[in-house]
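Understanding the architecture of this molecule
Listed below are the residues making up each chain.
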Amino acid sequence: MPAMCKNSLPLYANLLEADYTQVPALSWDELRNFTYSTIEKWEEGNCLSAADLTAALEFIKYNIPLAGIKYLDNPAIPICYFSKVIPKSAEVLQSLLQIEGIKSYQMPILQKPDGSLDLELDDRHKILIVTIPQYNHLNSFKNFLQVMQPKKLTILAGGNVFYLKPSLKLNFGNCIFPENIKDIIWLINKINPSASEEKV
């Protein structure tokens, strides 16, 4: 659920103008706790302002390379969205996966002039994550699923539109809709058991 609050919380307000080089780097446990706490506040829908979320994501991104995270030796998971603008949900997802040692990358899916979708996928991919923050992306999502139908993929889907109108999920029965963003980690490990193998 997108941030709705207008007033910044003190912690995040301080981050907005902070010089990160003057702030002690977070340990992995501290970074993980901060990230999960931020996600919980974001999903509650009225606890974080847009500025809060932006500040938190920038702070998380700064600390990720400093936290000594070891990544799973698996193909990176695409985080798909239907826009030239990166939605905050895609940024949140990528940060969460990075902290849990799961490689991912953002993959905008745009329509070509001939009406086809611009896709860069190969047979290595087993899991896709799709975020739908706006209603006008639903038709593109339907077209995308038709193209993906022959492939053996597990599609984890979510986004604000499904939060506001859960009945829309019934139109996409071939997708898995996590109850919340954090459940994505558990689902990835369940779908792809090798995700629990040794990290490198």
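Just so we're clear, the structure is a prediction, and the values are computed from it rather than from any experiment.

Focus: the sheet that holds strand S1 (residues 77-81)
Spatially, S2-S1-S5-S6 is the arrangement adopted by the four strands of the open sheet, whose pairing is parallel. Two strands in the sheet have a free side with no partner beyond their single neighbour: strand S2 (104-108) and strand S6 (154-158). On average, each strand axis in the sheet is tilted by 25° relative to the strand beside it, whichever way the strands run. This element, helix H7 (residues 183-191), spans S1, strand S5 (127-131) and S6 of the sheet and lies at about 170° to S6.

Regarding the pairing of S1
Burial of S1 is extensive: five of the five residues sit out of reach of the surface. Side chains Ile77, Ile79 and Tyr81 of S1 all project onto a buried face; the interleaved residues Pro78 and Cys80 project onto the opposite face, where all are buried too. The sheet contact formed by S1 and S2 spans five bridges and is parallel. Each residue of the ladder has a partner; that of Ile77, found in S2, is Ser104. Once you follow S1 into helix H4 (residues 88-99) and on to S2, the crossover reads as right-handed. Relative to S5, S1 runs parallel, the two being bridged by two bridges. Residue pairing across strands places Ile79 opposite Ile129, the latter belonging to S5.

Cut-off values and rules
Sequence positions are assigned chain by chain, starting from 1 and proceeding in written order. With the structure being a predicted model, the display of local features is reserved for residues of pLDDT at least 70 and the display and counting of side-chain atom pairs for 80 or more, all residues being used for whole-chain, interface and lining totals. As a convention, hydrogens and water are excluded, and side-chain values are obtained from all of the structure's heavy atoms. At least two bridges found by DSSP between two strands is the condition for calling them paired. Helix and strand definitions follow DSSP, with helices as H or I runs of at least four residues and strands as E runs of at least two, each counted in order from the N terminus. In this description, a line fitted to the C-alpha atoms serves as the axis of each element, helices being fitted only across the stretch in contact, and the angle between N-to-C directions of two axes falls anywhere from 0 to 180 degrees. Here, two residues are considered to be in contact whenever any of their heavy atoms come within 4.5 Å of each other. A simple rule labels every residue: compare its accessible area, found with a 1.4 Å probe on the protein chains alone, to the largest value its type can have, and call it buried under 20%, exposed over 50%, or partly exposed in between. Assignment of crossover handedness uses the view with strands pointing away from the viewer, where a clockwise path from the first strand over the helix to the second indicates a right-handed crossover.

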